[in-house]
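What the coordinates show
One-letter residues, chain by chain:
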Amino acid sequence: MRKPKTDLDYIEIYAEKLKKDNRLFEQHRIFIESQLKASLSLFHNMFSESDFKKEARKYLKERLLIK
Amino acid sequence: MTKKGYTIIGETIIINRELTELDLFLKDFLEILKKYSDYLVVSGFVSISTGRTRGTEDIDVLSLIEKENFRLFFEELDNKGFWCYQGDNSEEAYSYIKRFDSIRFARKNEMFPNIEFIPINKNRKAKYYEFTHPQKIKIKNFEFKIPPIEFEILYKEIILTAKKDIEDARHLRTFFSEILSKEKFKDCEKIIREDFYEKA
């Protein structure tokens, strides 16, 4: 097997391993959930609960993410 | 015990893994949506749910929904703890849907994860094709519909083409290499290219 060099090579190797061994899904779960927790805590800290929607919409409008 | 990453039972792809918080978020949303409209889960979540390890904050869901059903759907989402980025009532949100603009839903007091709710119609050829040719996929007790894997790969390679899309496509090509069909690739490529050149 040739030596992996690019991101795509590593993606291929990981997908091959995952296809044969579902235990790798545990790492996948940990990664997905830790990223979700990080996003959640960031925005919880940014906006107050009482005015969450108003503050969130202001933030989104300023970044042109909503009209 | 070691198991393969996925197995096929009948026409359904079974992914042999536990549910994540992201799956449960989508499951709650689809349980409501299914009462009012057909749907298709597309794009990044297709790759992520089948093992691609990358971050995401939104899940794209296609829908073909009528106005009255949208009102009921919106109200039930509100009652069950979701909010819409674009507005607090169904009229306001529906003004986006009727222009075929996407809207986003998240759990109340949260921004992420969110659902990008994408309205489609029959004139959107490629999207309508995938919508009407769904592939069933199941993780534990959560079954949902995605595009044919061949369609998803080509759409990422031909239309989306960002680095993450090319990587997602490579993941899908490798993970599902044993079940991909050359014939399906041909059919899907024709639809995608026709739709692309019509729009150009």
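Residues numbered from 1 in each chain as written. Chains lettered and ligands numbered in written order. Predicted model: local features only at pLDDT ≥ 70, side-chain atom pairs only at ≥ 80, totals over all residues. Heavy atoms only, no water.

**Focus: the nonpolar core**
- Phe-29, Leu-30, Val-41, Phe-70, Phe-73, Phe-117 and Phe-144 of chain B are the most contacted members of the largest nonpolar core, which has 60 residues in total.
- In this structure Leu-30 of chain B touches Tyr-39, Val-41, Val-61, Phe-142 and Phe-144 of chain B, once residues within four positions along its chain are discounted.
- Ranked by size, the runner-up nonpolar core spans twelve residues in total, among them Phe-52, Ala-56 and Ile-66 of chain A together with Trp-83 of chain B. (Core = buried A, V, L, I, M, F, W, Y, C linked by side-chain atoms within 4.5 Å. Buried < 20%, exposed > 50% of the residue type's maximum accessible area, 1.4 Å probe, protein only. Contact = heavy atoms within 4.5 Å.)

**What to know about unusual backbone geometry**
- A cis geometry characterises the amide bond from Phe-112 of chain B onward to Pro-113 of chain B, with omega recorded as -5°.
- Relative to the elements of secondary structure, Pro-113 of chain B occurs in the loop between strand E6 (103–107) and strand E7 (114–119). (Helix = DSSP H or I, 4+ residues; strand = E, 2+ residues; numbered from the N terminus.)

**Points about the sheet that holds strand E1 (residues 6–9) of chain B**
Residues and elements named next belong to chain B.
- Read from one edge to the other, the open sheet built from four strands follows the order E1-E2-E8-E9, with strand pairing classed as mixed. Each edge of the open sheet carries a strand with a single partner, namely E1 and strand E9 (142–146). Strand-to-strand twist across the sheet, computed as the mean angle between neighbouring axes with direction ignored, equals 30°.
- Looking at chain direction, strand E8 (residues 135–139) and E9 are connected through five bridges and run antiparallel. Each residue of the ladder has a partner; that of Lys-138, found in E9, is Glu-143. (Pairing = 2+ DSSP bridges. Axes fitted to C-alpha atoms, helices over the stretch in contact; angles between N-to-C directions.)

**Here's the deal with the sheet that holds E7 of chain B**
Residue and element names in this part refer to chain B.
- Taken in spatial order, the five strands make up an open sheet running E3-E4-E7-E6-E5, and their pairing is mixed. If you trace the sheet from one side to the other, it starts and ends with strand E3 (39–42) and strand E5 (82–84), each paired once. Averaged over neighbouring strand pairs, the angle between their axes works out to 30° when direction is ignored.
- Pairing of strand E4 (residues 58–63) with E7, which is carried by six bridges, proceeds in the parallel orientation. Bridge pairing in E7 places Asp-58 opposite Asn-114.
- Against the sheet, helix H3 (residues 67–79) engages E5, E6 and E7, with an angle of about 25° to E6.

**Regarding the pattern of salt bridges**
- According to the stated counting rule, one finds 39 salt bridges over all chains in the structure shown.
- Taken together, the shared-partner salt bridges in this structure form one network comprising Asp-7 of chain A together with Arg-52, Arg-54, Glu-152, Lys-156, Lys-163, Asp-165, Glu-167 and Asp-168 of chain B. (Salt bridge = Lys/Arg side-chain N within 4 Å of Asp/Glu carboxyl O.)

**Notes on helix H5 (residues 125–132) of chain B**
- Looking at H5 of chain B, one finds that the buried residues are Ala-126, Lys-127, Tyr-129, Glu-130 and Phe-131 of chain B.
- The inward-facing, buried residues of H5 of chain B contact E3, E4, helix H6 (149–160) and helix H8 (182–199) of chain B.

**Regarding the interface of chain A and chain B**
- Facing 35 residues of chain A, the contacting portion of chain B comprises 45 residues.
- In total, about 3,600 Å² of surface goes out of reach between chain A and chain B, with carbon and sulfur atoms giving 63% of it.
- Where chain A touches chain B, the interface holds six salt bridges.
- Counting the contacts that link chain A with chain B gives 18 residue pairs in polar contact (both at pLDDT 80 or more).
- For the side of chain A that touches chain B, the secondary structure elements donating two or more residues are helix H1 (7–20), helix H2 (25–46) and helix H3 (52–62) of chain A.
- Top element by residues in the side of chain A that touches chain B is H2 of chain A. It accounts for twelve residues.
- Within the side of chain A that touches chain B, the residues separate by chemical class into 17 nonpolar, five polar and 13 charged. (Buried area = accessible area lost by both parts, 1.4 Å probe. Polar contact = N/O pair within 3.5 Å; in protein donor to acceptor, adjacent residues only side chain to side chain. Nonpolar A, V, L, I, M, F, W, Y, C, P; charged D, E, K, R; others polar.)

**Describing the layout of surface pockets**
- When its volume is computed, the largest pocket comes out at roughly 480 Å³.
- Every residue lining the largest pocket is counted, 30 residues in all, and those nearest its centre are Asp-58, Asp-60, Arg-104, Asn-114 and Glu-116 of chain B.
- Breaking the lining of the largest pocket down by element, the ones donating at least two residues are H3 of chain A together with helix H2 (44–49), E4, E6, E7, H6 and helix H7 (163–175) of chain B.
- Broken down by element, the residue count for the lining of the largest pocket peaks at three residues, all from E4 of chain B.
- Residue composition of the lining of the largest pocket, by class: 13 nonpolar, six polar and eleven charged. (1 Å grid on protein atoms, 1.4 Å probe; cavity = no way out; pocket = protein on both sides within 12 Å on 5 of 7 lines; lining within 4 Å. Points joined across faces, edges and corners; volume = space filled by probe spheres on them.)

**A short note on the pairing of E3 of chain B**
Residues and elements named next belong to chain B.
- Alternating residues of E3 divide into Tyr-39 and Val-41 and Leu-40 and Val-42, and every residue in both groups is buried.
- Two elements, E3 and E4, share four bridges in a ladder whose sense is antiparallel. For Val-41, the partnering residue across the bridge sits in E4 and is Val-61.

**Considerations on the packing of aromatic side chains**
- Here the structure, examined in full by the defined rule, presents 30 aromatic pairs over all chains.
- Relative to Phe-47 of chain A, the ring of Phe-43 of chain A lies with its centre 5.9 Å away and its plane at 35°, an arrangement referred to as tilted.
- On the accessibility criterion, Phe-43 of chain A (6% relative accessible area) is buried.
- For Phe-47 of chain A, a relative accessible area of 8% corresponds to the buried category.
- Where Phe-175 of chain B meets Phe-176 of chain B, the ring centres are 5.0 Å apart and the plane angle is 75°; that geometry is what we call edge-to-face.
- Looking at Phe-176 of chain B, the relative accessible area reads 0%, which means it is buried.
- Cluster of aromatic residues (ring-pair linked, three or more members): Phe-25, Phe-29, Tyr-36, Phe-70, Phe-73, Phe-74, Phe-82, Tyr-94, Phe-105 and Phe-117 of chain B.
- Above the face of the Tyr-96 of chain B ring, Arg-99 of chain B is positioned so that its terminal group lies 5.1 Å from the ring centre. (Phe/Tyr/Trp six-rings, centres within 6.5 Å; stacked < 30°, edge-to-face > 60°. Lys NZ or Arg CZ within 6 Å of the ring centre and 35° of its normal.)

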